[in-house]
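Architecture at a glance
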Amino acid sequence: MPFSSSAVPDSGRSVPSAPSSLWRDRDFRRLWFGQTASQLGEHASLVILPLFAVLTLNAGAGQLGALRAVGQAPILMLSLFVGAWVDRWRTRTVMVLADAGRAVALGTAAVAGLLGVLGLPALLVVAFVVGALSVFFDVAYQASLVRMVKRDQLVRGNSALEGSRSAAQIGGPALCGALVSMLSAAAAVASSAVFFALSFLSIRRIGHRERIPARSEKRPLRVWRQIHDGLRFVVGNSSLRTVCLASAAFQFSFAAVMTVYLLYLPRDLHLSGTAVGLALAATGPGAFLGSLLAARLPNRFGHGPVLVAAAALGDGVFLLVPALGGAPAVTVPALIAVNFVFGTFSQLVNVTVMAIRQTVTPDGMQGRVAATINFVGMGLTPLGSLLGGFLAEVWGTRASLLVTAAGMLLSPVLMALSPLSRLGRTLPAPSETPAQSA
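As the structure is a computational prediction, the values presented were derived from the model and not from experiment. The residue count restarts for each chain, going from 1 along the sequence in the order it is written. For a predicted model such as this one, the threshold for reporting local features is a pLDDT of at least 70, and the threshold for listing and counting side-chain atom pairs is 80 or more; totals across whole chains, interfaces and linings nevertheless cover every residue. Side-chain calculation: all heavy atoms of the structure are included, whereas hydrogens and water are not.

1. Side note on unusual backbone geometry
Put simply, the rule reads: Only DSSP runs of H or I reaching four residues or more are called helices, and only runs of E reaching two or more are called strands; each is numbered from the N terminus.
Despite not being glycine, histidine 270 has its phi angle at roughly 55°, a positive value. Mapping histidine 270 onto the fold places it in the loop between α8 (238-268) and α9 (273-281).

2. A few points about the confidence of the model for the protein
The condition is simple: For every residue, the predictor states its confidence as a pLDDT score lying anywhere from 0 to 100. Here a residue-residue contact requires only that any non-hydrogen atoms of the pair lie within 4.5 Å.
In this model, the protein carries an average pLDDT of 78, and 79% of its residues clear a pLDDT of 70 or more. Considering each helix and strand of the protein separately, the mean pLDDT is smallest for helix α5 (residues 154-182), with a value of 63, and largest for helix α17 (residues 410-416), with 92. Across residues 1-20 the pLDDT falls below 50, and counting only partners more than four positions away or on other chains, this stretch makes 65 contacts in the model.

3. Things to note about the packing of aromatic side chains
Here is the rule: Classification of ring pairs uses Phe, Tyr and Trp, with its six-membered ring standing for Trp, and accepts pairs whose centres are within 6.5 Å; under 30 degrees between planes counts as stacked, over 60 as edge-to-face, and the remaining range as tilted. Burial classification: accessible surface area is computed with a 1.4 Å probe over protein chains only, and a residue below 20% of its type maximum counts as buried, one above 50% as exposed, and the rest as partly exposed.
Following the criterion strictly, the structure yields six aromatic pairs and no others. When the ring of phenylalanine 318 is compared with that of phenylalanine 342, the centres are 5.0 Å apart and the planes differ by 85°; the resulting orientation is edge-to-face. Separated by 24 residues along the polypeptide, phenylalanine 318 in the loop between α12 (303-316) and α13 (328-360) and phenylalanine 342 in helix α13 bring together distant segments of the chain. Note on accessibility: phenylalanine 318 and phenylalanine 342 belong to one class, buried.

4. Here's the deal with α8
Keep this limit in mind: Given a helix with a known number of residues, its expected span is that number minus one, times 1.5 Å. Polar contacts here mean pairs of N or O atoms no more than 3.5 Å apart (in protein, one a potential hydrogen donor and the other a potential acceptor; neighbouring residues in sequence count only if both atoms are side-chain atoms).
For α8, spanning 31 residues, the distance from its first C-alpha to its last is 43 Å, which sits close to the expected 45 Å at 1.5 Å a residue. Of all 31 residues in α8, 25 are buried, a share of seventy percent or more. By the N-cap criterion, in which a side-chain oxygen at the helix start approaches the backbone nitrogen of a residue two or three places on, α8 is capped by asparagine 237, the distance to serine 239 being 3.0 Å. The positive-phi residue at the C-terminal boundary of α8 is histidine 270, with phi of around 55°.

5. Overview of a nonpolar patch on the surface
Going by this rule: Two distance rules govern patches: like charges are joined within 9 Å, and nonpolar side chains (Val, Leu, Ile, Met, Phe, Trp, Tyr) within 5 Å, applied only to residues with over 30% relative accessible area and no salt bridge. For the accessible areas, the method is Shrake-Rupley and the probe is 1.4 Å, while residue cover comes only from the protein chains on display. Any Lys or Arg side-chain nitrogen located within 4 Å of an Asp or Glu carboxyl oxygen qualifies as a salt bridge.
A cluster of nonpolar residues, Leu387, Phe390, Val394, Trp395 and Val403, forms a patch on the protein surface that exposes about 480 Å² of accessible area. Residue contributions to the nonpolar patch peak at four residues, all from helix α15 (residues 381-395). Within the fold, tryptophan 395 resides in helix α15. For tryptophan 395, a relative accessible area of 48% gives the class partly exposed.

Structure, rendered in structure tokens:
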């Protein structure tokens, strides 16, 4: 669950003056297309690398947990530093370099897979590199929208970008499942590399001139001070603090769920690669619906009530998965329904949280706040993945799914018990930027 008193910095060019003008802005369209392609590559790789390990390398539960943990470890290792750097760099440069690196890493892995020389150690290296570069891209693209559009366009802009994420959730897993069944897992890895290359080509054409803060002469100390200021700002804001805690509870449990889930579908339910991709892709249409609902429901019922209700419904539906069994003709439609509901309400939470985070954060803190929330919220995902693999080996997949899915419900409970649940239709004004550490 992802979650300024000053105006948006002057970019040196005109900024769209109304939400309806966003799509007339070429740079926004380039950002949208690049982010869509990048999300397709990222969602495809999140599925295909574990499937490659399970289907081609015959990886066990512990090995699969280790692979997912290695890919998620950069979130814990790099997020805070990346946030400080992004606040000092041009987001376009960060995104372009991240896309190029991921395309090269996955392209190399695809060639090695086609030649039959891609083993588990090399796959671990690829997962770590892709995960590290994804941290850079994700923090940069969240900050780039704030630098590109006015604050009254953030909800519309976020809805468009999150809509592209939902398209990626449809296309990425479905394409991977089809390629695994018709061609090979290595061919599916190559498709991820192509998507990152397309994102690179689109984002590098963005002509928007960002104005970034002047750099301090004491650069190493400055980075540590910026990290400290970002942490202090998030801890001091009740909404952002709750987002961090709730996100950490969700992401830890969800990482465990997905590790078991990717074993449960092909091995216990005996689903083919195409069926697995189809089931996972159902999250995408749900996410698209969630993006549409996010533009209306918070303004009608209040941001806090919508967050709590959506999180409870989206997380709770996974408790139905361990009860599934029987022929694929029964289990696949049931899985599609579960993933559709999960996608709808998770996306509603994502977009609403993103709007809250961007609204209450000063412009000069956007990168650090996004990175701090990623660090706290997703930093425990490697441990969650390892736990999922361990539980699957000890308890079996059904019992492990039930326990880890129940753990996801801690997230809406934390939000319900916090001031975040009382946020109304209008979001609070941006908080003041705290004084910098000495």
